[in-house]
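Letter by letter, the chains look like this.
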Amino acid sequence: MAKLLDTLFRKFGAASEFDAALAPDQPFLVVGDIHGRLDALQAALDLIARHPEYDQSPLVFVGDYMDRGPASAEVLRLIMALQSGAGREVICLRGNHEQLLLSFLENPVLNAPVWFSNGGLETLRSFGVNASKLDMRGDRVMMVRERLKKEMGEAALSFIEGLPTRWTTGNVAVVHAGADPAVSIENQEEDFLVWGHPDFRRLPRQDGIWVAHGHTIVPDVSVRHGRIAVDTGAYRTGILPVVSASSEGVKVLGREDFILA
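Residues numbered from 1 in each chain as written. Predicted model: local features only at pLDDT ≥ 70, side-chain atom pairs only at ≥ 80, totals over all residues. Heavy atoms only, no water.

## Some remarks on the sheet that holds strand β4 (residues 166-169)
Definition in use: Note on pairing: DSSP must find at least two bridges between two strands before they are called paired. Each helix is a run of H or I in the DSSP string that is no shorter than four residues. Each strand is a run of E no shorter than two, and both are numbered from the N terminus. To define axes, lines are fitted to C-alpha atoms, for helices over the stretch in contact only, and angles between the resulting N-to-C directions are given on a 0 to 180 degree scale.
Ordered in space as β4-β5-β6-β8-β7, the five strands form an open sheet in which the pairing is mixed. At either end of the open sheet lies a strand with only one pairing partner, and these are β4 and β7 (222-224). Ignoring which end each strand starts from, the neighbouring axes of this sheet average 20° apart. As paired strands, strand β5 (residues 172-175) and strand β6 (residues 210-213) are joined by three bridges and run parallel to one another. Pairing of V172 across the sheet is with W210, part of β6.

Given below as C-alpha cells:
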C-alpha cells in the first residue's frame, strides 16, 4: 500500500499546489553556502549584528563551509567558535562538501578524484597542505590525508563528523540540499538531505512542511512552492544573504520587503 501511495503521489502530486502558511515555532535566521569565503561570512555576521531584533533568534547555517573559496580553514574555525560561544543558538548543518571531506578521509584513494576536482585542493591549501591532482594515488594521497588530519585537529574533525543533516521548527525544516517530497521529514534518507532528490524542485510537498535549503545556486533568495532557496553562489559572487523566516514571512536582512507575507 505504501508503494502504491508513493507512486500515485509522484504521478499526480505536481497538480496540487502548496498552500500551507509559514509557521515556525520562533523566528530564525538562515545563511546559505559559504564555500570558504571568509569575507562574505564576516559581512553576513556584521549585518546580523546591526539587527538586534534578531539577537535571540536561532542562526542556522545550511552547510558547505569549505571548498572552492580560499579560506575554508578560517571559515570552519569561525563557525565553530560561533556555535561554542555564549548567546544565541547556532545550528550548523552538514553539506555535501563536508560529506566529500569525510569520504576522502575514510577512503582517500577512492574519493580523492571527486573531492580534489570540486574544491578540495583549495581546502587543503587553506590548512597549509600543498597538494595537486598528482597526489591522488597511492602513498602520496595517504600522506595528504594524514597531513590534513594533523592540521585540522581533533576538534575540527569531531565537529564535521557530528554535523546534523536537518533542523526543524514548527512546519519548517532546514536542510542542505533538499528532501524527497513523498516522505516525511523525519524519515528522509540522509543522502537526499545532503545531496538532494530528483523530485524536490519538481513536486510540492503534501504535508505542509516548508523546506529552507542551499546547494542549488539561485540568482537571489527565492520562495517557491514551499521551498526557500538561500544559496546565491557566494564562492563566486561574494554575496551571502542572511534570511529571516517567521510567521510574518521570509525577509532578506537589509531589505525592506518581505518575499512572502
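Having seen it, we continue.
## Quick notes on the environment of L38
Structurally, L38 is set in helix α2 (residues 38-49). Separated by 38 residues in the primary sequence, L38 and L76 place their C-alpha atoms 9.2 Å from one another.

## Considering the packing of α2 against helix α3 (residues 72-84)
We count it as follows: Note on terminology: angles under 35 degrees are roughly parallel, angles over 145 are roughly antiparallel, angles of 65 to 115 are roughly perpendicular, and the others are oblique. By convention, the crossing between two helices is left-handed when the near helix turns anticlockwise from the far helix through less than a right angle, and right-handed when the turn is clockwise. Should any heavy atoms of two residues lie within 4.5 Å, those residues are considered in contact. Three categories are distinguished: nonpolar for Ala, Val, Leu, Ile, Met, Phe, Trp, Tyr, Cys and Pro, charged for Asp, Glu, Lys and Arg, and polar for the others, with Gly belonging to the last.
Two elements in contact, α2 and α3, have axes separated by 9 Å at closest approach and are oriented at 25°. When the axis of α2 is compared with that of α3, the two are roughly parallel. In this structure, the crossing between α2 and α3 has a hand that is left-handed. Together, L38, L41, Q42 and L45 of α2 and E74, V75, L78, I79 and L82 of α3 make up the contact between the two elements. In terms of residue class, the contact of α2 with α3 is built from seven nonpolar, one polar and one charged.

## Notes on the pairing of strand β10 (residues 249-252)
In plain terms, the rule: Burial classes follow relative accessibility: with a 1.4 Å probe on protein chains only, a residue under 20% of its type's maximum area counts as buried, one over 50% as exposed, and anything between as partly exposed.
What you see with β10 is no split at all: G249 and K251 on one side and V250 and V252 on the other are buried throughout. For strand β9 (residues 242-246) and β10, the ladder comprises four bridges, and the chain directions are antiparallel. Bridge pairing links S246 to G249 in β10. From the end of β9 to the start of β10, which pair antiparallel, there are two residues. Relative to strand β11 (residues 258-260), β10 runs antiparallel, the two being bridged by two bridges. Its bridge partner lying in β11, V250 is registered against L260. Turn length for the β10-β11 hairpin, with the two strands adjacent in sequence and antiparallel, is five residues, and the turn residue G254 shows positive phi of about 95°.

## Comments concerning helix α6 (residues 138-161)
Test applied: Given the number of residues in a helix, its expected span is that number minus one, multiplied by 1.5 Å.
Under the 1.5 Å per step criterion, the end-to-end length of α6 is only 25 Å for 24 residues, more than 12% shorter than the ideal 34 Å. Listed as buried for α6 are V141, V144, R145, L148, M152, A156, L157, F159 and I160. Taken together, the buried residues of α6 touch α3, β3 (90-92), α4 (96-106) and α5 (108-126).

## Points about the packing of α5 against α6
Close contact between α5 and α6 brings their axes to 11 Å; oriented N to C, the two are set at 55°. Judged by the angle between their axes, α5 and α6 are oblique. The chirality of how α5 crosses α6 is left-handed. Between α5 and α6, the contacting residues are P108, V109, A112, W115, F116 and L124 on the first element and V141, M142, V144, R145 and L148 on the second. When its residues are assigned to classes, the contact of α5 with α6 shows 10 nonpolar, no polar and one charged.

Purely geometric numbers; function is a separate question.
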